[in-house]
Amino acid sequence: MSTKEEQFYKKHFESFFKEGDFNHFESTKNQRPHHFDKYGRYRICINSLDKNKNVGKNLIVELGCSTGITLKFLKNNYEFKNAIGCDFIFNEEINHDNCKFFAADLNQKWPLPDSKVDCFVAMMLFEHLFDPWFCFSEVKRVLSAEGRAFVNLPLVTGFKNRLRLFFGKLPITSVPYRNWEKEGHWDGFHLHYFNLSSINDLAKNSDLKIVSKKAVGKYYKLKNLYPALLCSEISLELTHAN
C-alpha cells in the first residue's frame, strides 16, 4: 500500500483504536460484532466453522484486521489457541491474550509459517495489494491441510456498474465517484476489480478450491441467486484443492 493510503486509513481508525489499549476487547468479547450478522461479510466464517468441526484450532490469522475485534471474536468463540492479526495501523508488535498484532508489507512474502494456519481471513484486502496471483499463492502456502480461508472481494460486474459503463461512466467498487477527489483516493485505493470467472482462475491457479460463496448486504438471498449481476462484493470460502 502507498504511504498516502496508509495515512488515510490510519487517520480513519485513529478514533477507534489506541495502541496498546485493549479495553474494547474486554468490553465486547462476549458480543458478536455486526460483521457476523446474516448479511455481513464475515457471516461465511461462522457458517463454516459451525459446520466443519475438523478444522484445527491452533492458529487463526486475519490480514487487514483493523482494530482486531473480528479476530478476537473468532478466536474466543471457536477456541483457537493462538491468533495473528496484521494491519498497518499498528506501529509496533503488540501481544495480548495469545494474540499477536503487527504491521507488515503484504506485497512481500507474508510473515506466516508454511502450512500452519487453520483459519485464514482477509476481508476487503486483496484488491489493495499489487498482485492477486501472489495473494492466492500465499493463501495456499500458509493454509494447513484441513484449513479454511475466507476472502472478500469486490465484483465489478453488478448491474449498477454495467449501467454506469453503458452510459460512459466509471465503475465503482467502494465509495461514490463524487467523493474520490475530496477524500484523496481513487475508488477507495482499489487496484483491482474482479468477476467470478477471474476469482475462479485465481483459486485454480494456486490449487485452491472455492467451496462456498456468499452475497453481502441487503437482499443477500436474492443476490445469491444471481451474484454476477446483483453483487457488488462477494465473500468466499476456500480450501486446498488436493
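Numbers given to residues run from 1 along each chain, matching the order in which its sequence is written. In keeping with the model being predicted, local features are shown solely for residues with a pLDDT of at least 70 and side-chain atom pairs are shown and tallied solely at 80 or more, while totals for entire chains, interfaces and linings include all residues. Only hydrogens and water are set aside when side-chain values are computed; all heavy atoms of the structure are taken into account.

Draft legend 1. Inspection of the nonpolar core at higher detail. In these notes, a set of buried Ala, Val, Leu, Ile, Met, Phe, Trp, Tyr and Cys residues joined through side-chain atoms within 4.5 Å is what counts as a nonpolar core. Think of it in three bands: residues with accessible area under 20% of the maximum for their type are buried, residues over 50% are exposed, and the middle band is partly exposed, with areas taken using a 1.4 Å probe on protein chains only. The biggest cluster of nonpolar side chains holds 37 residues, and the ones touching the most others in it are Leu63, Trp110, Phe120, Phe126 and Leu238. Sorting the residues of this core by element identifies β1 (59-63), β2 (82-86), β5 (117-123), α5 (132-142), β6 (143-154), α8 (196-205), β7 (208-215) and β8 (233-240) as the ones contributing at least two each. Setting aside its immediate chain neighbours within four residues, Phe126 contacts Trp110, Phe120, Cys135, Phe136, Val139, Val151, Leu153 and His192. Counting 25 residues, the second largest nonpolar core, distinct from the first, contains Tyr42, Cys45, Ala83 and Phe101. For the purposes of this entry, the term helix denotes a DSSP run of H or I that reaches at least four residues, the term strand denotes a run of E that reaches at least two, and both are numbered from the N terminus. When checking whether two residues touch, look at their non-hydrogen atoms; a contact exists if any pair is within 4.5 Å.

Draft legend 2. A look at the pattern of salt bridges. The salt bridge criterion pairs a side-chain nitrogen of Lys or Arg with a carboxyl oxygen of Asp or Glu, the two atoms within 4 Å. Scanning the entire structure with this criterion turns up 7 salt bridges. Between Asp97 and Lys72 there is a salt bridge, with its nearest N and O atoms 3.0 Å apart. Of this pair, Asp97 sits in the loop between β3 (94-96) and β4 (99-102) while Lys72 sits in helix α4 (residues 69-77); the two residues are 25 residues apart in sequence, bridging distant segments of the chain. You can call Lys72 buried: its relative accessible area is 6%. Between Glu138 and Arg141 there is a salt bridge, with the nearest N and O atoms lying 2.8 Å from each other.

Draft legend 3. Just the pairing of β8, in detail. Counting buried residues along β8, 8 of its 8 residues qualify, which places the element largely inside the surrounding structure. Pairing between strands is defined by DSSP: at least two bridges between the two strands are required. Relative to β8, β6 runs antiparallel, the two being bridged by 6 bridges. Looking at β8, one finds that Leu153 is bridged to Ile234.

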